Amino acid sequence: MLKKRDFADCFSLYEHMTHPDVFPFVRHKVDSYEEYVFITKQTIEAEEKGELISRTILDEWENPVGCISLYDIENGAGFLGTWLGKPFHGKGYNAVAKDAFFKELFFELGMETVFMRIRKINIRSIKAAEKLPYAIKANETRKALYNQINQEEDIYDLFEIPKDLYTLHILRQDNDEDQQLLEA
């Protein structure tokens, strides 16, 4: 479902990223395929330095369909960025990718908090974040960070995913699955 970023995926990802329904919400906007390859190179190098963590989201046939990344890593926390190509919207890839990514971040890489900065006009992403049982809207509880990401103008809502809430979610899921097996 996820793999480390790779130049072999650049063409497909660039095609998906430039769709008008996707492009406005991509963090690193580029004007050409060559520029996308260069940004991918910078991303791979930044991950090697510990500045970010980035993965390619794959479909069931291992075709690249989007990207999920943790940016601005500092003190065990960072900001989530994710996008999917338009043909893959609403098909469950985002939820599965987030789950795999959060497991890697929290249980393998030692992250403590994932923040999501979502544009207030991006209703689709806000609704998706609000459905996550382990995400907290943090506009008030992390007021300093909320003000920092909105210092130019009030553009973003802030969500927080703490490791302990995500862990509790995983434990509940496992418990529910065990209960279903016992009832079957």
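About the cut-offs
- Residue indices begin from 1 for each chain and proceed along its sequence in written order.
- Restriction of local features to residues with pLDDT of at least 70 applies here, the model being predicted, together with a cutoff of 80 or more for giving and counting side-chain atom pairs; totals for whole chains, interfaces and linings are based on all residues.
- Side-chain measures were taken over the full set of non-hydrogen atoms in the model, leaving aside hydrogen atoms and water.
- Think of it this way: a Phe, Tyr or Trp ring, Trp meaning its six-membered ring, pairs with another when their centres are within 6.5 Å, and the plane angle makes it stacked under 30 degrees, edge-to-face over 60, tilted otherwise.
- Note on exposure labels: buried denotes an accessible area under 20% of the residue type's maximum, exposed denotes more than 50%, and partly exposed covers the range between, all computed with a 1.4 Å probe on protein chains only.
- The rule for a charge over a ring is simple: NZ of Lys or CZ of Arg within 6 Å of the ring centre, and within 35 degrees of the ring normal.
- Count a disulfide wherever a pair of cysteine sulfur atoms falls within 2.5 Å.
- By convention in these notes, a salt bridge is any Lys or Arg side-chain nitrogen within 4 Å of a carboxyl oxygen on Asp or Glu.
- Helix and strand assignments follow DSSP, with helices taken as H or I runs no shorter than four residues and strands as E runs no shorter than two, numbered in order from the N terminus.
- Each axis is a line fitted through C-alpha atoms, and for a helix only the stretch in contact is used; angles between axes span 0 to 180 degrees, taken between their N-to-C directions.
- Convention used here: angles under 35 degrees read as roughly parallel, angles over 145 as roughly antiparallel, angles from 65 to 115 as roughly perpendicular, and any remaining angle as oblique.
- Less than a right angle of anticlockwise turn of the near helix away from the far helix marks a crossing as left-handed, whereas a clockwise turn marks it as right-handed.
- We call two residues in contact when some of their heavy atoms are within 4.5 Å.
- Classification convention: Asp, Glu, Lys, Arg as charged; Ala, Val, Leu, Ile, Met, Phe, Trp, Tyr, Cys, Pro as nonpolar; all other residues, Gly among them, as polar.

Some points on the packing of aromatic side chains
- Applying the stated criterion to the full structure yields 11 aromatic pairs.
- With a centroid separation of 5.7 Å and 80° between ring planes, the pair formed by Phe88 and Tyr93 is classed as edge-to-face.
- A relative accessible area of 15% means that Phe88 is categorised as buried.
- Pairwise contacts between aromatic rings join Phe102, Phe106, Phe107, Tyr134 and Tyr166 into one cluster.
- Over the ring of Tyr71 we find Arg27; its NZ or CZ atom is 4.1 Å from the centre of that ring.
- The ring of Phe23 is capped by Lys29, whose NZ or CZ atom sits 5.8 Å from the centre of that ring.

Observations regarding the state of the cysteines
- The final tally for this structure, using the stated rule, is zero disulfides.
- With no disulfide partner, Cys10 has as its closest neighbouring cysteine sulfur the one in Cys67, 8.7 Å distant.

Side note on the pattern of salt bridges
- Taken as a whole, this structure holds 13 salt bridges when the rule is applied.
- Taking the shortest distance from any N to any O, the salt bridge between Asp21 and Lys86 comes out at 3.1 Å. Taken together, the residues Asp21 in the loop between helix H1 (10-17) and helix H2 (33-48) and Lys86 in the loop between strand S4 (77-84) and helix H3 (93-108) connect sequence positions 65 residues apart.
- In this structure Asp21 comes out as partly exposed when scored by relative accessible area, which is 38%.
- Judged by its relative accessible area of 34%, Lys86 is partly exposed.
- Between Glu160 and Arg142 there is a salt bridge; the shortest N-O distance is 2.8 Å. Linking Glu160 in strand S7 (residues 156-162) with Arg142 in the loop between strand S6 (136-137) and helix H5 (143-149), this pair joins segments that are 18 residues apart in sequence.

A word on the packing of H1 against H2
- Between H1 and H2, whose axes approach to 10 Å, the crossing angle comes to 115°. Between H1 and H2, the crossing angle belongs to the class labelled roughly perpendicular. Taken as a pair, H1 and H2 cross one another with a handedness that is right-handed. Contacts from Cys10, Phe11, Leu13, Tyr14 and Met17 of H1 reach H2 at Tyr33, Tyr36, Val37 and Thr40.
- Among the residues making up the contact of H1 with H2, the classes are represented as eight nonpolar, one polar and no charged.

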